[in-house]
Amino acid sequence: EVQLVESGGGLVQPGESLRLSCAASGFSFDDYWMHWVRQAPGKGLVWVSEIKTDGTKTNYADSMKGRFTISRDNAKNTVFLQINSLRAEDTGVYYCARGGLPFSLDYWGQGILVTVSS
Amino acid sequence: QSALTQPPSVSGSPGQSVTISCTGTNSDIGYYNRVSWYQKLPGTAPKVIIFEVSNRPSGVPDRFSGSKSGNTASLTISGLQAEDEADYYCMSFISPTTPYVFGTGTKVTVL
């Protein structure tokens, strides 16, 4: 069974940094691109970032370039999202997802809440 | 990149059909056949129901169908059921360097 489990969220102060983790199981992790998607409270889904199977290529939404860094550890079946200089508008539920169907996301984690507030 | 445009809400009675539009530009939806659709229930993770414009993943009922005309993709739910009440989002590939953007989302209400 495919499982994606996010961790590392919580309440953080503006300006701080955070690293989210997503532990994958039930599939051959290094065969798939992995993604992060965010949903702010009461708002829609926003695609954040993706990383290639071997970690050699990453892409970001324009508004995420600079403060967001995606990475992966294939030995630990884990994908990460580092967010620096956190702002209130970064608040939301962050989902990791697998790019298992052509140009789409076939499995998602349950999401992890990040709240940026003083 | 701006979000793709969806109607905020659509509604229908059980058994009816509803169609949700997703409008982009000739650089994204109009250029690529790389539109997917997601169903999102409150408090749960999104679920893919259509990929590459009109393909259904295994296990998705054939009541869900997708299509595209020009710069607009559409999701049709036929034979609407109470369990279809959810938020629906389109997503399109837009470029190799900033690959994806979601639509603004549509709330489907079953009357």
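Residues numbered from 1 in each chain as written. Chains lettered and ligands numbered in written order. Predicted model: local features only at pLDDT ≥ 70, side-chain atom pairs only at ≥ 80, totals over all residues. Heavy atoms only, no water.

**So, the overall build of chain B**
Short version of the rule: Secondary structure counts use DSSP, requiring at least four H or I residues in a row for a helix and at least two E residues in a row for a strand, with both numbered from the N terminus. Only protein chains enter the area calculation, which uses a 1.4 Å probe; residues under 20% of their type maximum are buried, those over 50% are exposed, and those in between are partly exposed. Every residue pair with non-hydrogen atoms within 4.5 Å of one another is taken to be in contact. Computed with a 1.4 Å probe, the accessible areas rest on the Shrake-Rupley method; for each residue, only the protein chains presented here act as cover. Just so you know, the count uses Lys and Arg for positive and Asp and Glu for negative, and it drops His and the chain ends. Charge coordinates come from a single atom per side chain, which is NZ of Lys, CZ of Arg, CG of Asp or CD of Glu.
Summing up its helical and strand segments, chain B has zero helices and nine strands in all. Put simply, chain B runs from its N terminus to its C terminus through helices and strands in the order β-β-β-β-β-β-β-β-β. Counting the 111 residues in chain B, one finds 49% classified as buried. Summarising the internal contacts of chain B: among those between residues at least 6 apart in sequence, 57% fall at separations of at least 24. For chain B, the accessible surface area stands at approximately 4,800 Å², while carbon and sulfur atoms represent 47% of it. When the 7 basic and 7 acidic side-chain charges of chain B are each reduced to a single mean position, those positions are 4 Å apart.

**Regarding the state of the cysteines**
Basically, it comes down to this: Here, two cysteine sulfur atoms that lie within 2.5 Å of each other are counted as a disulfide.
Scanning all chains against the criterion turns up two disulfides over all chains. Through a disulfide, Cys-22 of chain A is tied to Cys-96 of chain A; the S-S separation comes to 1.9 Å. Across the S-S bond linking Cys-22 of chain A and Cys-96 of chain A, the dihedral sits near 45°, which makes this disulfide right-handed. Here Cys-96 of chain A lies in strand E9 (residues 92–99) and Cys-22 of chain A lies in strand E3 (residues 18–25), a separation of 74 residues in the sequence. Residues Cys-22 of chain A and Cys-96 of chain A agree in their burial class; the two are buried. Paired through a disulfide, Cys-22 of chain B and Cys-90 of chain B show a sulfur-sulfur distance of 2.0 Å.

**Focus on the nonpolar core**
Applicable threshold: Here the nonpolar core consists of buried residues drawn from Ala, Val, Leu, Ile, Met, Phe, Trp, Tyr and Cys, with membership extended through side-chain atoms lying within 4.5 Å.
Ranked by internal contacts, the top residues of the largest apolar core, which has 42 residues, are Leu-20, Trp-36, Val-79, Leu-81 and Tyr-94 of chain A together with Phe-102 of chain B. The contact partners of Leu-20 of chain A, leaving out residues within four places of it in the chain, are Ser-7, Gly-8, Gly-9, Trp-36, Val-79, Phe-80, Leu-81, Ile-83, Tyr-94, Ile-112 and Val-114 of chain A. Residues Val-18, Cys-22, Leu-80 and Val-110 of chain B belong to the second largest nonpolar core, which totals 24 residues.

**Considering the packing of aromatic side chains**
What counts here: In this scheme Phe, Tyr and Trp rings, the latter by its six-membered ring, pair at centre separations within 6.5 Å, and the angle between planes marks the pair as stacked below 30 degrees, edge-to-face above 60, and tilted otherwise.
Under the criterion given, the structure shown has eleven aromatic pairs over all chains. For the ring pair Tyr-31 of chain B and Tyr-32 of chain B, a centre distance of 4.8 Å and an interplane angle of 80° mean the geometry is edge-to-face. Among the residues examined, Tyr-31 of chain B registers a relative accessible area of 60% and is labelled exposed. With a relative accessible area of 16%, Tyr-32 of chain B lands in the buried category. Ring plane angle 85° and centroid distance 4.9 Å describe the contact between Tyr-32 of chain B and Phe-93 of chain B, whose orientation is recorded as edge-to-face. With Tyr-32 of chain B in the loop between strand E2 (18–23) and strand E3 (35–40) and Phe-93 of chain B in strand E7 (residues 86–93), the pair connects residues that are 61 residues apart, well separated along the chain. Residue Phe-93 of chain B is classed as buried on the basis of its relative accessible area of 8%. Grouped by ring-pair contacts, the aromatic residues Trp-47 and Phe-103 of chain A together with Tyr-31, Tyr-32, Phe-93 and Tyr-100 of chain B constitute a single cluster.

**So, the interface of chain A and chain B**
Cut-off, in case you're wondering: Note on definitions: buried area is the accessible-area loss of two parts on being combined, 1.4 Å probe, summed for both. Salt bridge, as used here: a side-chain nitrogen of Lys or Arg that lies within 4 Å of a carboxyl oxygen of Asp or Glu. Polar contact criterion, stated in full: a pair of N or O atoms within 3.5 Å, where within protein one must be able to donate a hydrogen and the other to accept it, and residues adjacent in sequence count only if both atoms are side-chain atoms. Basically, the charged four are Asp, Glu, Lys and Arg, the nonpolar ten are Ala, Val, Leu, Ile, Met, Phe, Trp, Tyr, Cys and Pro, and anything else, Gly included, counts as polar.
Taken together, the contacts link 23 residues of chain A with 22 residues of chain B. It is Leu-45, Trp-47 and Phe-103 of chain A that lose the most area in chain A upon contact with chain B, and together they represent 37% of the buried surface on that side. The tally of links between chain A and chain B comes to zero salt bridges. Viewed at the interface, chain B and chain A are joined by five residue pairs in polar contact (both at pLDDT 80 or more). The set of elements that each furnish at least two residues to the side of chain A that touches chain B consists of strand E4 (33–39), strand E5 (45–51) and strand E6 (58–60) of chain A. With four residues, the top contributor of residues to the side of chain A that touches chain B is E5 of chain A. A class-by-class count of the residues in the side of chain A that touches chain B yields twelve nonpolar, six polar and five charged.

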